[in-house]
Amino acid sequence: MNLMEAKSIRKQFHNREVVKGINVEIKQGEILALIGTNGAGKSTTLAMLLGILQPDAGTITRWREDFRAHIGVQLQSTPFFEGYTAEENLRLFAALYNVKVDKQQIQRKLEECNLQEARKTLASRLSGGQQKRLAIAVTTLHNPDFIILDEPAAGLDPRARHEVRNMIQRLAENGATVLFSSHDMEEVSRIADRIILMHEGQIVAQGQPESLLQQYHAENLESLYLELTDNTQAGR
Amino acid sequence: MRTIFSLTFKSAGRDPFLLLWSIILPIGGSIGLGIFIKSPEYPERILTGMMAASILFYAFTTTSFAILTQRRRGVYNLLRVTPMPLWRYVCSISGAWTSISFLCAMLVMLSGIFALKLRVPVQAFLAVIPVLLFAALSYVFFSFFIASLSRTENNVSMLTNIITMPLLFSSSAFYSLDNTPEFIQIVNRFNPFQWFVNALRSAFDLAWASYLINMGLVLLVAIVALLLALKTFRYADI
């Protein structure tokens, strides 16, 4: 079953087309990685899938009308509420999703994300890794069917990246569908079931990591990424 | 809505700007100047002026920064992917900010009445409440407009100073304008902050005709500020 299906979606800003008629299918239960060069149109594609931006052309079909109550979203800049502690941010986000949470549930979520020590710390004073983990905690507090993470491990040290990867895998094991964007090919190869590679507003490759490597005779995802983004530039 | 309201309230308590500009400064100013300046009518003048200033500093200046920060951090964009409608969030947060500002002004008033030994009838006390609430609400709405015009903290700082300074200094909040040049007195007649101060003073003096006129003007400002806020609201900077 497809959770979302985007057909021929396009978007332009200031007469520059940043997404050029792409088709995206998101299947229930998969971990899908959206990768691509800077300015490839990944964040714009995510924003259109989420309904933050309307496509200029094309259609997006979602698995339910009230999808907003059943998705968890972590945008690129983690939008914590200024002046609130980690625990207060969790309570506030629960309120935004119309979810009633008691102290035990908040405590459990903080423990799951290894944030119990930081519960009374202002979110803005948490370390980069703690902020990412808190972002995932607020994203998953309402047990969403579908989780979208925009560069969840960007700017983190190896340990923090490892923790975030484990969290993403645990979410998928618990039945959630996860779509994440990333520049980190190691992260993608470790956790993604399927990959969509974007370059200059178009999808240049998509499929399971292993089959893509076979199809393009590439050693690893990084060389595939370099080859496909170079080929596209050379072909213009 | 209740959670957003209560958490906003709680976080405001940790804000040092609130403590300084909307509580310590107005209380210190009204008590200090009220005792220092020996004039029978001055304690009431300075107290009402400082109550109005307390509202202006929090409901307008502090909240303008808070709204800009929330927008720049992507909070409003994120709201678009939650089931919470934006209007409910804005109402909750505006309600909390209005209540906080109202409580600060009440604290200023009670401290002033106690320290300056003013006699304020119960009717005056009750009449002050809607003035403070509507004025605070109008400045909160206006702060949404200012934040929409701004891209950075510097923009907000500049705009709030450009607006608050003339509002304060062309009003009779802290001193009489009787001996000022005529153009200041003309500006004063169209100064919304003066209408707010007038409404407070009319309430203290139980001058009901003036109270109703100035209260009406305060309400008008609130409606205009709401329309400006709605018309210019921005989810994000792009």
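Analysis parameters
- Residues numbered from 1 in each chain as written.
- Chains lettered and ligands numbered in written order.
- Predicted model: local features only at pLDDT ≥ 70, side-chain atom pairs only at ≥ 80, totals over all residues.
- Heavy atoms only, no water.
- Salt bridge = Lys/Arg side-chain N within 4 Å of Asp/Glu carboxyl O.
- Helix = DSSP H or I, 4+ residues; strand = E, 2+ residues; numbered from the N terminus.
- Buried < 20%, exposed > 50% of the residue type's maximum accessible area, 1.4 Å probe, protein only.
- Core = buried A, V, L, I, M, F, W, Y, C linked by side-chain atoms within 4.5 Å.
- Contact = heavy atoms within 4.5 Å.
- Phe/Tyr/Trp six-rings, centres within 6.5 Å; stacked < 30°, edge-to-face > 60°.
- Lys NZ or Arg CZ within 6 Å of the ring centre and 35° of its normal.
- pLDDT = per-residue confidence, 0-100.
- Axes fitted to C-alpha atoms, helices over the stretch in contact; angles between N-to-C directions.
- Left-handed = near helix turned anticlockwise from the far one by under 90°.
- Nonpolar A, V, L, I, M, F, W, Y, C, P; charged D, E, K, R; others polar.
- Pairing = 2+ DSSP bridges.

Moving on: the pattern of salt bridges. Residues and elements named next belong to chain A. Overall, the coordinates contain 16 salt bridges over all chains when judged by the stated rule. One salt bridge in this structure joins Arg165 and Asp184, with 3.5 Å as the shortest N-O distance. One end of the pair, Arg165, is in helix 5 (residues 158-173); the other, Asp184, is in the loop between strand 7 (177-182) and helix 6 (185-191), and 19 residues separate them in sequence. Comparing Arg165 with Asp184 shows no difference in burial state: the two are buried. Here the salt bridges share partners, and the residues they tie into one network are Glu87, Arg119 and Lys120.

Our focus in this paragraph is the nonpolar core. Residue and element names in this part refer to chain B. Judged by nonpolar contacts, the single largest core of 151 residues is most densely connected at Tyr89, Leu132, Phe193 and Phe196. Ranked by residues supplied to this core, first place goes to helix 3 (residues 42-72) with 15 residues. With residues up to four places along the chain from it excluded, the contact list for Phe193 reads Ala52, Ala53, Leu56, Tyr139, Leu167, Leu168, Ser171 and Ala173.

Here the focus is the packing of aromatic side chains. Throughout the structure, instances matching the rule amount to 17 aromatic pairs over all chains. Measuring from ring centre to ring centre gives 5.1 Å for B:Tyr76 and B:Phe233, while their planes differ by 65°; the resulting arrangement is edge-to-face. Linking B:Tyr76 in helix 4 (residues 75-79) with B:Phe233 in the segment after helix 10 (208-232), this pair joins segments that are 157 residues apart in sequence. Judged by its relative accessible area of 1%, B:Tyr76 is buried. Within the aromatic cluster, the residues linked to one another by ring pairs are A:Phe81, A:Tyr84, A:Phe93, B:Tyr76, B:Tyr89, B:Trp97, B:Phe144, B:Phe233 and B:Tyr235. Above the ring of B:Tyr235, the side-chain terminus of B:Arg80 is found at 4.0 Å from the ring centroid.

Moving on, we come to the confidence of the model for chain B. Counting all residues, the mean pLDDT for chain B is 92, and 100% of those residues have values of 70 or more. Two numbers describe this predicted complex: its pTM, 0.82, and its ipTM, 0.74.

Residue and element names in this part refer to chain A. Running from N to C, helix 2 (residues 86-96) and helix 3 (residues 103-112) point in directions that differ by 115°, and their axes come no closer than 11 Å. Every pair of crossing elements has a handedness; the one defined by helix 2 and helix 3 is right-handed. Residues Glu87, Leu90 and Arg91 of helix 2 lie in contact with helix 3, whose contacting residues are Ile106, Lys109 and Leu110. Taken together, the residues of the contact of helix 2 with helix 3 break down into three nonpolar, no polar and three charged.

Moving on, we come to the sheet that holds strand 8 (residues 194-199) of chain A. Residues and elements named next belong to chain A. Spatially, six strands are ordered 5-6-7-3-8-9 in an open sheet, and the strand pairing comes out mixed. Of all the strands in the sheet, just strand 5 (71-74) and strand 9 (202-207) have a single pairing partner and so form its edges. Within this sheet the neighbouring strands show an average axis-to-axis angle of 15°, counted without direction. Examined bridge by bridge, strand 3 (residues 31-36) and strand 8 share five bridges and lie parallel to one another.

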